[in-house]
Amino acid sequence: GLLLVFRTNASYDRFWEGRRLWGGIVNSSRNLVRAGAMHIADAALVRQLALWTAAFPYATMNTLRGVSGLGAIERD
């Protein structure tokens, strides 16, 4: 029973660390777009910045999973 508890706690710690790091990536991306929107006057350029910045977490996720590309891309 003790071994099972140790493995469960270690698994939860790994999950929580990943969740914390992923949250940091998302928050940094959001802050980058906000700061860019304050300093860039061209709305089209701000949109491009937002799209490229939004692509970064997906590229990171797929790289960590060993998948190439960004995955399914939705067009609006």
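Cut-off values and rules
- Residues numbered from 1 in each chain as written.
- Predicted model: local features only at pLDDT ≥ 70, side-chain atom pairs only at ≥ 80, totals over all residues.
- Heavy atoms only, no water.
- Phe/Tyr/Trp six-rings, centres within 6.5 Å; stacked < 30°, edge-to-face > 60°.
- Helix = DSSP H or I, 4+ residues; strand = E, 2+ residues; numbered from the N terminus.
- Expected span 1.5 Å × (residues − 1).
- Buried < 20%, exposed > 50% of the residue type's maximum accessible area, 1.4 Å probe, protein only.
- 1 Å grid on protein atoms, 1.4 Å probe; cavity = no way out; pocket = protein on both sides within 12 Å on 5 of 7 lines; lining within 4 Å.
- Points joined across faces, edges and corners; volume = space filled by probe spheres on them.
- Nonpolar A, V, L, I, M, F, W, Y, C, P; charged D, E, K, R; others polar.
- Contact = heavy atoms within 4.5 Å.

Right, let's get into the packing of aromatic side chains. What the rule picks out here adds up to 2 aromatic pairs. A centroid spacing of 6.4 Å and a plane angle of 40° characterise the contact between Tyr 12 and Phe 15, whose relative ring orientation is tilted. One end of the pair is Tyr 12 and the other is Phe 15, both in helix α1 (residues 2-39) and 3 residues apart, which spans about a single turn. Measuring from ring centre to ring centre gives 6.4 Å for Tyr 12 and Trp 16, while their planes differ by 15°; the resulting arrangement is stacked.

What follows concerns helix α2 (residues 43-65). Taking 1.5 Å per residue as the helical rise, α2 with its 23 residues ought to reach 33 Å, and the 34 Å between its terminal C-alpha atoms agrees with that figure. Within the span of α2, buried status applies to Val 46, Thr 53, Ala 55, Pro 57, Thr 60 and Asn 62. Gly 66 sits one or two residues past α2 and shows a positive phi near 80°.

Turning our eyes to something else, we now look at the layout of surface pockets. Put simply, the second largest pocket is a space of about 160 Å³. As for the second largest pocket, its lining consists of Gly 18, Leu 21, Trp 22, Ile 25, Thr 60, Met 61 and Leu 64. It is α1 that provides the largest number of residues to the lining of the second largest pocket, a total of 4 residues. Along the lines of polarity and charge, the residues of the lining of the second largest pocket split into 5 nonpolar, 2 polar and no charged.

In this section: the environment of Phe 56. By secondary structure assignment, the location of Phe 56 is in helix α2. Along the chain, Phe 56 and Ile 25 lie 31 residues apart, while their C-alpha atoms are 8.9 Å from each other. Excluding anything up to four places from it in sequence, Phe 56 contacts Ile 25 and Ser 29.

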